[in-house]
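# A structural walkthrough
Spelled out from the first residue to the last, the chains are:
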Amino acid sequence: MAPKVDIINEEIIKPSIPTPKTLNHLNFSFLDQLALPVYVPLLLFYSPKNNQIPSISHLKSSLSKTLTQFYPFAGRVNDDNLSISCTDEGAIFVEAETNYSINDILTQLNVDSLNQFLPFHLANKGCIVLIQTTTFQCGGITVGLLMSHKISDASSISSFVKTWTSVHVSGNDNPLSVSKPEFISDSVLPPPKNFPVTTPTTPDSGIHAKGITKRIVFSHSKITSLKAKAASSTVKNPTRVEAVAGLLWKSAISASRSTSGLSKASVLGQAVNLRKRLEPNLPDNSVGNAIGFVTPETAVGAELELQSMVGLMREAIEEFKKNGYKKYQDTEAYLSYFKALMDPDGPYNGEKNFYLCSSWSRFEFYEADFGWGCPVWFIGGISMFSNFFLLLDTRDGKGIEALVSLSEEDMRLFECDEDLLEFGSFNPNVLQVED
């Protein structure tokens with residue numbers, strides 16, 4: 001049974017210092033303009049600490065100070081989809097409570113029920129940032145964020161959370177432990193002239209995934225074994241992300257072939273952080289969309305071998321390193337690529353199965369300490385897309401937790417895949433995940 005969450009307060013939090021008029025307008029970069037108007041969720045779970053009840057008023061105050069630095073996050077997307085009005089309209093802050101304990105949730109986890117701890121019910125208000133705290137009967141708390149994808153990727157969210165926690169703990173408006181954000185604008189990634197913007201500007205309910213989402217944990221020792229199985233003469237030392245993503249892709253294709261009776265070609269859209277690949281590089285504290293994609297593809301009826309699929313993934317990323325990143329700076333070339341991607345009669349049409357994979361590894365969300373200790377668990381990206389694999393670090397930083405969203409028909413077969421079950425564990429107790 002899903003936990004009952006009661007909303008007790010909703011309000012708008014504005015920057016503690018008004019944004020100067022010289023900063024009242026931020027033009028979107030080319031990639032921001034193309035970004036879908038979906039919300040990127042992040043949910044942090046904190047256990048009670050020495051009977052100390054977190055101060056929600058302090059959290060609001062530190063958020064207000066943080067929005068002074070991240071001033072576009074308190075703005076609104078203009079109707080032309082080209083820019084943000086940074087006029088301090090504020091972020092939504094929701095306070096909620098539940099009569100469950102945090103252990104009740106984490107020991108009997110149902111990923112699809114976690115949306116209650118996120119402010120999806122206000123996602124149609126057009127805000128860029130929405131936050132919900134939920135206090136548990138035991139004194140634990142969740143901090144849930146919905147961040148508009150129009151101006152943020154996972155790296156941007158990480159920068160925001162690092163600044164917020166630093167401000168909260170230090171009490172300083174500009175803590176020395178974090179760098180000020182640098183916003184990626186059209187001066188960094190300019191759009192082509194007369195670029196036709198067609199994406200809608202106002203986010204909808206925020207929930208886009210159809211079907212069902214399952215959580216699979218790969219421990220460090222199992223990943224070591226999986227990497228050995230995925231290794232070949234062409235990829236002698238696969239990364240842990242390549243090994244896990246390759247196995248998920250293989251198992252998802254196998255399930256789809258069984259349910260549909262068709263052996264379609266399959267494309268894996270792998271998200272790539274562009275910050276260290278563009279010329280010149282963008283700093284780690286750059287905020288905005290700096291994500292590219294590589295698209296390895298299997299042939300129609302191809303044998304599903306882990307080694308060959310990891311080989312396709314490595315080939316795609318190596319080609320990207322040589323030339324692929326350049327199309328993100330040659331905006332006319334990227335526009336042609338984007339149109340092909342979206343074309344219903346193009347190379348990624350309904351005759352191929354398309355899966356999307358993103359890794360949030362190394363973004364340090366487990367270090368998000370508001371003074372209550374580090375999170376006992378976090379989850380991100382839920383309800384964003386269908387046919388989606390999101391890879392997250394385990395708490396020890398050595399394993400991987402994968403969130404997989406598939407149709408109910410495909411998921412029934414996917415979760416029985418023998419190769420997958422050899423290395424992954426479906427939905428183990430969050431508080432007992434260890435190697």
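Small disclaimer: the values here were computed from a predicted structure and weren't measured.

### Examining helix α7 (residues 306–322)
The end-to-end C-alpha distance of α7 is 25 Å, a good match for the 24 Å that 17 residues give at a rise of 1.5 Å each. The set of residues buried in α7 consists of Leu306, Met309, Val310, Gly311, Met313, Arg314, Ala316, Ile317 and Phe320. At its buried positions, α7 is contacted by α5 (220–230), α6 (240–260), β11 (265–273), β13 (291–294) and β14 (297–298).

### Notes on α6
Along an α-helix, residues three or four positions apart point the same way, because every turn accommodates 3.6 residues. In a regular helix each residue adds 1.5 Å, so 21 residues correspond to 30 Å; α6 covers 30 Å between its end C-alpha atoms and thus fits that length. The element α6 is extensively covered by neighbouring structure, given that 16 of its 21 residues are classed as buried. Two residues or fewer after α6 comes Gly261, characterised by a positive phi angle close to 75°.

### Structural notes on the pattern of salt bridges
Using the criterion set out here, one finds 16 salt bridges in the structure. The closest approach of N and O atoms between Glu11 and Lys60, which form a salt bridge, is 2.4 Å. Of this pair, Glu11 sits in strand β1 (residues 5–13) while Lys60 sits in helix α2 (residues 56–69), and the two are 49 residues apart along the sequence. Given the relative accessible area of 14%, Lys60 is considered buried. The shortest N-O distance in the salt bridge between Lys229 and Asp419 comes to 3.9 Å. Taken as a pair, Lys229 in helix α5 and Asp419 in helix α10 (residues 418–423) lie far apart in primary sequence, 190 residues in all. Taking the relative accessible area as the measure of exposure, Asp419 reaches 27% and is therefore partly exposed. Because the salt bridges share partners, they merge into one network encompassing Lys229, Lys250, Asp419 and Glu422.

### A word on the packing of α2 against helix α4 (residues 154–170)
Closest axis-to-axis distance for the α2/α4 pair is 9 Å, and the angle between their directions is 125°. When the axes of α2 and α4 are compared, the pair comes out oblique. The interaxial crossing formed by α2 with α4 has right-handed handedness. Of the residues in α4, those touching α2 at His58, Leu59, Ser62, Leu63, Lys65, Thr66, Leu67 and Gln69 are Phe160, Thr163, Trp164, Val167 and His168.

### Here we look at the environment of Ala154
Mapped onto the elements, Ala154 comes out in helix α4. As for Ala154 and Asn289, which are separated by 135 residues in sequence, their C-alpha atoms are 8.8 Å apart.

### Re unusual backbone geometry
Cis peptide bonds are those with omega within 30 degrees of zero, and the linkage from Glu279 to Pro280 qualifies with -5°. Tracing the sequence through the fold places Pro280 in the loop between β11 and β12 (286–287). In this structure, Asp88 is a non-glycine residue whose phi angle is positive, near 60°. Structurally, the position occupied by Asp88 is in the loop between β5 (83–85) and β6 (91–98). Look at Asp88 and you get buried, because its relative accessible area is 14%. In this structure, Asn387 takes a positive phi of about 50° despite not being glycine.

### Quick look at the sheet that holds β1
Strand order across the open sheet formed by 6 strands is β1-β6-β7-β8-β3-β16, with mixed pairing between neighbours. The sheet is open, and its two edges are formed by β1 and β16 (377–380), each paired on a single side. Here the strands of the sheet are splayed against their neighbours by 15° on average, with no regard to which way each runs. Examined bridge by bridge, β6 and strand β7 (residues 129–135) share 6 bridges and lie parallel to one another. Residue pairing across strands places Ala96 opposite Thr134, the latter belonging to β7. Relative to the sheet, α2 contacts β1, β6, β7 and β8 (141–148), its axis offset from that of β6 by approximately 160°.

Analysis parameters
Residues numbered from 1 in each chain as written. Predicted model: local features only at pLDDT ≥ 70, side-chain atom pairs only at ≥ 80, totals over all residues. Heavy atoms only, no water. Helix = DSSP H or I, 4+ residues; strand = E, 2+ residues; numbered from the N terminus. Expected span 1.5 Å × (residues − 1). Buried < 20%, exposed > 50% of the residue type's maximum accessible area, 1.4 Å probe, protein only. Contact = heavy atoms within 4.5 Å. Salt bridge = Lys/Arg side-chain N within 4 Å of Asp/Glu carboxyl O. Axes fitted to C-alpha atoms, helices over the stretch in contact; angles between N-to-C directions. Parallel < 35°, antiparallel > 145°, perpendicular 65-115°, else oblique. Left-handed = near helix turned anticlockwise from the far one by under 90°. Pairing = 2+ DSSP bridges.

Bear in mind that shape data such as this cannot, by itself, settle questions of function.
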